[in-house]
Amino acid sequence: MQTVDEALEKLKRSKFRSGFHLSKKDIEYIDERGLDLIRSHAADFVSKRLAPAVIPNDGKQTPMRGHPVFVAQHACACCCRGCLNKWYRVPQGRALTENEQDRIVRLLMTWIEREYYGKRT
């Protein structure tokens, strides 16, 4: 199992994944609502859109923009079960465990926090 830092370092080497960044609108959204609510949204999105064993629209369930978590999901290759399998060897066709969901949320939030605080300096 790789650490969050190892995963983020690996993602930086992908031209596609490293091209995602929080927009000004995303930063404003976080400013208005706070990181605790964003974390809650991340947990909700992961549990409803990634955790089920079967996802009817897998590969198309995560918009590219419109919410900071959506951007993070693409940046972190946590946007669909295919990407989870390719990048993290998470098997498709079975529900994600609570531990797997927690690890994904932690990865997403670490990416969001680094982007958010990095834009403030």
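Structure: above.
Here the structure is a predicted model, which means the values were calculated and not measured. (Residues numbered from 1 in each chain as written. Predicted model: local features only at pLDDT ≥ 70, side-chain atom pairs only at ≥ 80, totals over all residues. Heavy atoms only, no water.)

Q: I would appreciate a short explanation of the overall build of the protein in the present structure.
A: Broken down by element type, the protein carries 6 helices and 0 strands. Reading the protein from its N terminus to its C terminus gives the helix and strand order α-α-α-α-α-α. Rg of the C-alpha trace for the protein: 14 Å, near the compact-globule value of 14 Å for 121 residues, within the 12% margin. Taken along the three principal axes of its C-alpha coordinates, the protein extends 40 × 30 × 25 Å. Counting all 121 residues of the protein, 44% fall into the buried class. A sequence separation of at least 24 residues applies to 68% of the contacts in the protein between residues at least 6 apart. (Helix = DSSP H or I, 4+ residues; strand = E, 2+ residues; numbered from the N terminus. Rg over C-alpha atoms; globule rule 2.2 N^0.38 Å. Buried < 20%, exposed > 50% of the residue type's maximum accessible area, 1.4 Å probe, protein only. Contact = heavy atoms within 4.5 Å.)

Q: When you look at the nonpolar core in this model, what are you seeing that I'm missing?
A: A general trend in soluble globular proteins is that nonpolar side chains are found buried together. With 37 residues, the main nonpolar core has Leu22, Cys76, Cys78, Leu108, Trp111 and Ile112 as its most contacted residues. When contributions to this core are tallied by element, the ones reaching two or more residues are helix 1 (4–12), helix 2 (24–33), helix 3 (35–50), helix 4 (68–75), helix 5 (81–88) and helix 6 (98–118). With 8 residues, the top contributor of residues to this core is helix 6. (Core = buried A, V, L, I, M, F, W, Y, C linked by side-chain atoms within 4.5 Å.)

Q: What exactly am I supposed to notice about the packing of helix 1 against helix 6 here?
A: How two helices pack is summed up by the angle between their axes together with the distance between the axes. Axis separation between helix 1 and helix 6 bottoms out at 10 Å; the angle between their running directions is 65 degrees. In the crossing of helix 1 with helix 6, the sense of the turn from one axis to the other is right-handed. Together, Val4, Asp5, Ala7 and Leu8 of helix 1 and Arg106, Leu107, Thr110, Trp111 and Arg114 of helix 6 make up the contact between the two elements. Classifying every residue of the contact of helix 1 with helix 6 gives 5 nonpolar, 1 polar and 3 charged. (Axes fitted to C-alpha atoms, helices over the stretch in contact; angles between N-to-C directions. Left-handed = near helix turned anticlockwise from the far one by under 90°. Nonpolar A, V, L, I, M, F, W, Y, C, P; charged D, E, K, R; others polar.)

Q: How should the packing of aromatic side chains be read in this particular structure?
A: Given two aromatic rings, one states the distance between the centres and the angle between the planes to describe the pair. Enumeration according to the criterion identifies 3 aromatic pairs in this entry. Seen in terms of ring centroids, Phe16 and Phe20 are 5.2 Å apart; in terms of plane orientation they differ by 90 degrees. Their pairing is edge-to-face. For Phe16, a relative accessible area of 48% corresponds to the partly exposed category. Ring centres of Tyr116 and Tyr117 lie 5.1 Å apart, and the angle between their planes is 70 degrees; this geometry places the pair in the edge-to-face category. (Phe/Tyr/Trp six-rings, centres within 6.5 Å; stacked < 30°, edge-to-face > 60°.)

Q: How do you make sense of the packing of helix 4 against helix 6 when you look at a structure like this?
A: Running from amino to carboxyl end, helix 4 crosses helix 6 at an angle of 110 degrees, the nearest separation of the two axes being 9 Å. Classified by the interaxial angle, the pair formed by helix 4 and helix 6 is roughly perpendicular. Across the interface between the two elements, Pro68, Val69, Val71, Ala72, Gln73 and Ala75 of helix 4 pack against Leu108, Trp111 and Ile112 of helix 6. (Parallel < 35°, antiparallel > 145°, perpendicular 65-115°, else oblique.)

Q: Help me understand the pattern of salt bridges, please; the structure alone is not making it clear to me.
A: Two side chains bearing opposite charge may form a pair once their charged atoms approach each other closely. Going through the model one piece at a time under the given rule, you end up with 7 salt bridges. One salt bridge in this structure joins Lys12 and Glu9, with 3.6 Å as the shortest N-O distance. Taken together, the residues span about one helical turn, with Lys12 and Glu9 both in helix 1 at a distance of 3 residues. Taking the relative accessible area as the measure of exposure, Lys12 reaches 55% and is therefore exposed. Residues Lys24 and Glu28 are paired through a salt bridge, measuring 3.9 Å at the closest nitrogen-oxygen approach. Taken together, the residues span about one helical turn, with Lys24 and Glu28 both in helix 2 at a distance of 4 residues. (Salt bridge = Lys/Arg side-chain N within 4 Å of Asp/Glu carboxyl O.)

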